Amino acid sequence: MHTDARSFSLPSWRLTRWLTDAGPDVPLEIRAALIRSLFGTFPIFAGGVLNTIAVSTLVALRLPRPEFLIWCALEYTICLTRLVVLVIAHRAATARRRTPTDLYLVLGLAWAASVGYGTLISLISGDWVVATLACLSAAAMVGGISFRNFGAPRLAGAMIVLTLGCCCLAAPFTGEPILLITFLQIPFYLASMSAAGFRLNKLLVATMRAERENAFRAHHDILTGLPNRAGLAEAIEARGDAPKALLYLDLDGFKTVNDTYGHGVGDALLQSVADRLRAGTGPGDVAARLGGDEFVVLADGLAPSALIGFSEAIAARISEPYALEGGRTARIGVSIGIALAPEHGTDLPRLLSVADKALYEAKAQGKAQGESRCAIAPLTRAA
């Protein structure tokens, strides 16, 4: 999924929540992306603002009546306010502060209502030039509304109703019976545009789900849900030059359980190990699975004695008995090799290489089920 550093707040008002509802079971990340899309496509926004301001100004100059002067004033006020709120929202989103999302959405509705009001008074003015200009402007705005608000089809539908619905209201007062056809045209047009908007939104959400799933699969182990090698490398890179420790874990006795009870039991055991690693590590630590029965824990830099204690606590948790199918239990041990960054290196391949050598030193101490074997690589091995 496309990532954006800006974070726009989700709507909090009942009306705006309903207008932007993406449907049930849509992940928060996708909801946030859909809201973010409502603040994009600035050229379309600018084009719409300039168009409606220009049209209302020209109409007011041609027919300087109170109703047209009011329309002109509304357009300037609403459009300039929308622009200010949009700029404030983008700055707040970049700084990761709360954005005025609800106000921005309501101003969008107000702008659509203003365009509809202008269309209404232009049609009943009796001036065919003014009516033509206003109707062309309103029709043009519908395209921008649909394209710019595809992330919220209910919002787009409401704005279309406010923009073009006034054509139906004006038709009986124009003295032209032929315009009553709008009572058929506008509802059918609204229905088709709304249906297309909902289909596009559904396709967009499905695409975002697929991208999200692919991104997860690229950085996570499917069996356990832990980060994989790529996810671990990304976590190491994100921490930069900060001191950290890489614990390389190898399960002792897992192969026996896997061969004895089958791969299904073995997979369940690996999932249980992953759960225990999650429970045994802190919020700043990263537990990962490299494959097979090899796991890694990336922890913040600790003193050697604290690292040994941390490793032994993890080993003790992993070595507790596991309940298997049919009321059976199994126990496994774990050997742990530890590498330090930046002392032993800064990238994943180097740290894994050093930790792997320490792991075999730990194994050389003699592995036994239920017992921990931990070793820190000596600093003389630094590159």
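Described below are features of the structure shown in this document. (Residues numbered from 1 in each chain as written. Predicted model: local features only at pLDDT ≥ 70, side-chain atom pairs only at ≥ 80, totals over all residues. Heavy atoms only, no water.)

### Considerations on the nonpolar core
- In terms of nonpolar packing, the biggest core is built from 33 residues, with L38, F39, Y104, W111, L155 and M159 touching the most fellow members.
- Broken down by secondary-structure element, the contributors of at least two residues to this core are α3 (42-62), α4 (66-94), α5 (101-123), α6 (128-148) and α7 (153-170).
- Ranked by residue count, the leading element in this core is α5, at 7 residues.
- Filtering out sequence-adjacent residues up to four positions away, L38 remains in contact with T20, Y104, L105, R148, N149, A152 and L155.
- F254, I332, I338 and L340 belong to the second-largest nonpolar core, a separate cluster that totals 31 residues. (Core = buried A, V, L, I, M, F, W, Y, C linked by side-chain atoms within 4.5 Å. Buried < 20%, exposed > 50% of the residue type's maximum accessible area, 1.4 Å probe, protein only. Helix = DSSP H or I, 4+ residues; strand = E, 2+ residues; numbered from the N terminus. Contact = heavy atoms within 4.5 Å.)

### Some remarks on the packing of aromatic side chains
- In the structure shown here, the tally under the stated rule is 2 aromatic pairs.
- Geometrically, the ring pair formed by F8 and F39 is stacked, given 4.3 Å between the ring centres and 10° between the ring planes. Of the two residues, F8 is situated in the segment before α1 (14-19) and F39 in the loop between α2 (28-37) and α3; the sequence distance between them amounts to 31 residues. Both residues of the pair, F8 and F39, count as buried.
- Considering the side-chain rings of F39 and Y104, the 4.4 Å spacing of their centres and the 20° angle between planes classify their relative orientation as stacked. Taken together, the residues span a long stretch of sequence, with F39 in the loop between α2 and α3 and Y104 in helix α5 at a distance of 65 residues. Neither F39 nor Y104 differs from the other in exposure class; each is buried.
- Aromatic rings pair up to connect F8, F39 and Y104 into one cluster.
- Just above the ring of Y322 sits the side chain of R276; from NZ or CZ to the centre is 3.6 Å. (Phe/Tyr/Trp six-rings, centres within 6.5 Å; stacked < 30°, edge-to-face > 60°. Lys NZ or Arg CZ within 6 Å of the ring centre and 35° of its normal.)

### Section: the layout of surface pockets
- A volume near 260 Å³ is recorded for the largest pocket.
- Lining the largest pocket are L123, C135, A138, A139, L164, C167, A171, L179, T182, Q185, I186 and Y189.
- Counting residues per element, the ones that place at least two in the lining of the largest pocket are α6, α7 and α8 (182-219).
- For the lining of the largest pocket, the element with the highest residue contribution is α8, accounting for 4 residues.
- When its residues are assigned to classes, the lining of the largest pocket shows 10 nonpolar, 2 polar and no charged. (1 Å grid on protein atoms, 1.4 Å probe; cavity = no way out; pocket = protein on both sides within 12 Å on 5 of 7 lines; lining within 4 Å. Points joined across faces, edges and corners; volume = space filled by probe spheres on them. Nonpolar A, V, L, I, M, F, W, Y, C, P; charged D, E, K, R; others polar.)

### Things to note about the state of the cysteines
- A complete count under the given rule lists 0 disulfides for this structure.
- Cysteine C135 shares no disulfide, and the gap to the nearest cysteine sulfur, in C167, comes to 4.7 Å.
- Left unpaired, C166 is separated from the closest cysteine sulfur, that of C167, by 7.5 Å.
- Residue classification places C166 among the buried residues on the basis of a relative accessible area of 14%. (Disulfide = S-S within 2.5 Å.)

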